[in-house]
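Read off the chains here:
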Amino acid sequence: MNNRRVPTQARSRERVLRILDAAAHEFAELGFEAATTEGIAARAGTSVGSIYQFFPNKHALFDAIGSRYLEEVRMLFEAMTTKEALKADWGDLLDGAIDAFAALHKHSVGFRAVWLNLQLSRGFLEEGEALNAEIAERTEAIFAQQSGGMGKAKRKLVASVVVETVSAMLLFSARSKEPFASQILEEAKVLVRRYVEPYIKAPKRHR
């Protein structure tokens, strides 16, 4: 997806971030077709030439915004699955994950930019599917510690169902209005908890 020059100097990297932030706002507010490089440059406080120095066209900008959003998702998942975080009750962990990703969708301009113009990038959809598969693989490893007597193939299936279900419910909520959007998230928590519960081993009791 990233058909662009990669900045090496701190000043250039900072300029690229400003350009991406500006483009995300333009795409989210105006739509991809109506957004212009002139408008993006003005919002970023730079020149159109500076944009073309790093991005050959609007599609390259859109792809970079999509990749940055997916990296936000990856970093959020990593933050929620540290050794310390995994000491929490598994149900609370699931609920917290749904809340955290919903908050990301609410506050991430990059997500709104991509979501409103999703038809533009098959590459983003493919990267998103690959990231879901990566998250499912890591979720399977977590289940390996939490589940009792479940083989690897079954754990992989359950982890994939959980990740894809949560992803779909988050998008369903994102395109809905309040209070229905929040109600969807609460029902998603119930749905995933009840699905996972039979596969999680009961905590050991001390004799």
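Everything below is about the structure shown above.
Description of the layout of surface pockets
Item 1. What the largest pocket holds in volume is close to 870 Å³.
Item 2. When contributions to the lining of the largest pocket are tallied by element, the ones reaching two or more residues are α4 (58–80), α5 (90–107), α6 (109–116), α7 (122–146) and α8 (152–174).
Item 3. Examining the composition of the lining of the largest pocket, we find that 11 residues originate from one element, α7, more than from any other.
Item 4. Of the residues belonging to the lining of the largest pocket, the class tally is 31 nonpolar, 7 polar and 1 charged.
Item 5. If you add up the space inside the second largest pocket, you get close to 390 Å³.

Structural notes on the nonpolar core
Item 1. Core analysis: the largest hydrophobic core is formed by 55 residues, its most contacted members being Ile19, Phe27, Ile40, Phe55, Leu61, Ile65 and Val162.
Item 2. If you tally residues by element for this core, the top one is α4, at 10 residues.
Item 3. Ignoring sequence-local partners within four residues, the contact set of Ile19 consists of Ile40, Ala44, Thr46, Ser50, Ile51, Phe54, Phe55 and Leu61.

Topic: the packing of helix α1 (residues 10–30) against helix α2 (residues 37–44)
Item 1. Where α1 meets α2, the closest approach of the two axes is 8 Å, and the angle between their N-to-C directions is 125 degrees. Between α1 and α2, the angle is such that the two are oblique. With respect to the hand of their crossing, α1 and α2 are arranged in right-handed fashion. Between α1, through Arg18, Ile19, Ala22, Ala23, His25, Glu26, Phe27 and Glu29, and α2, the contact on the second element is made entirely by Gly39, Ile40, Arg43 and Ala44.
Item 2. Among the residues making up the contact of α1 with α2, the classes are represented as 6 nonpolar, 2 polar and 4 charged.

Let's talk about unusual backbone geometry
Item 1. Residue Pro179 is bonded to the preceding Glu178 through a cis peptide linkage, with omega at 5 degrees.
Item 2. Position of Pro179 among the secondary structure elements: in the loop between α8 and α9 (180–196).

Observations concerning α2
Item 1. When α2 is considered as a whole, its buried residues turn out to be Thr37, Ile40, Ala41 and Ala44. Buried positions in α2, seen along its axis, are confined to an arc of 100 degrees and lie on one side of it. Residues of α2 that are exposed and point more than 90 degrees away from the buried face comprise Glu38 and Ala42.
Item 2. Packed against the buried residues of α2 are α1, α3 (48–54) and α4.
Item 3. A positive phi of about 70 degrees marks Gly45, the residue just after α2.

Regarding the packing of aromatic side chains
Item 1. Using the criterion set out here, one finds 8 aromatic pairs in the structure.
Item 2. Ring geometry for Phe32 versus Phe62: centroids 6.0 Å apart, planes at 80 degrees, classification edge-to-face. With a gap of 30 residues between them, Phe32 in the loop between α1 and α2 and Phe62 in helix α4 connect regions that are remote in the sequence. Phe62 matches Phe32 in its accessibility class, with the two residues each being buried.
Item 3. Members of the aromatic cluster, each reached through a chain of ring pairs, are Tyr69, Phe111, Trp115 and Phe124.
Item 4. Directly above the ring of Phe32 sits Lys58, whose terminal nitrogen or CZ lies 4.6 Å from the centroid.

Examining α8
Item 1. Over its 23 residues, α8 runs 33 Å from end to end, which matches the ideal 33 Å to within 8%, given 1.5 Å per residue.
Item 2. By the burial criterion, the buried members of α8 are Arg155, Val158, Ala159, Val162, Val163, Val166, Met169, Leu170 and Ser173.
Item 3. Elements that come into contact with the buried residues of α8 comprise α5, α7 and α9.

Conventions adopted
Residues numbered from 1 in each chain as written. Predicted model: local features only at pLDDT ≥ 70, side-chain atom pairs only at ≥ 80, totals over all residues. Heavy atoms only, no water. 1 Å grid on protein atoms, 1.4 Å probe; cavity = no way out; pocket = protein on both sides within 12 Å on 5 of 7 lines; lining within 4 Å. Points joined across faces, edges and corners; volume = space filled by probe spheres on them. Helix = DSSP H or I, 4+ residues; strand = E, 2+ residues; numbered from the N terminus. Nonpolar A, V, L, I, M, F, W, Y, C, P; charged D, E, K, R; others polar. Core = buried A, V, L, I, M, F, W, Y, C linked by side-chain atoms within 4.5 Å. Buried < 20%, exposed > 50% of the residue type's maximum accessible area, 1.4 Å probe, protein only. Contact = heavy atoms within 4.5 Å. Axes fitted to C-alpha atoms, helices over the stretch in contact; angles between N-to-C directions. Parallel < 35°, antiparallel > 145°, perpendicular 65-115°, else oblique. Left-handed = near helix turned anticlockwise from the far one by under 90°. Arc of directions from axis to C-beta. Phe/Tyr/Trp six-rings, centres within 6.5 Å; stacked < 30°, edge-to-face > 60°. Lys NZ or Arg CZ within 6 Å of the ring centre and 35° of its normal. Expected span 1.5 Å × (residues − 1).

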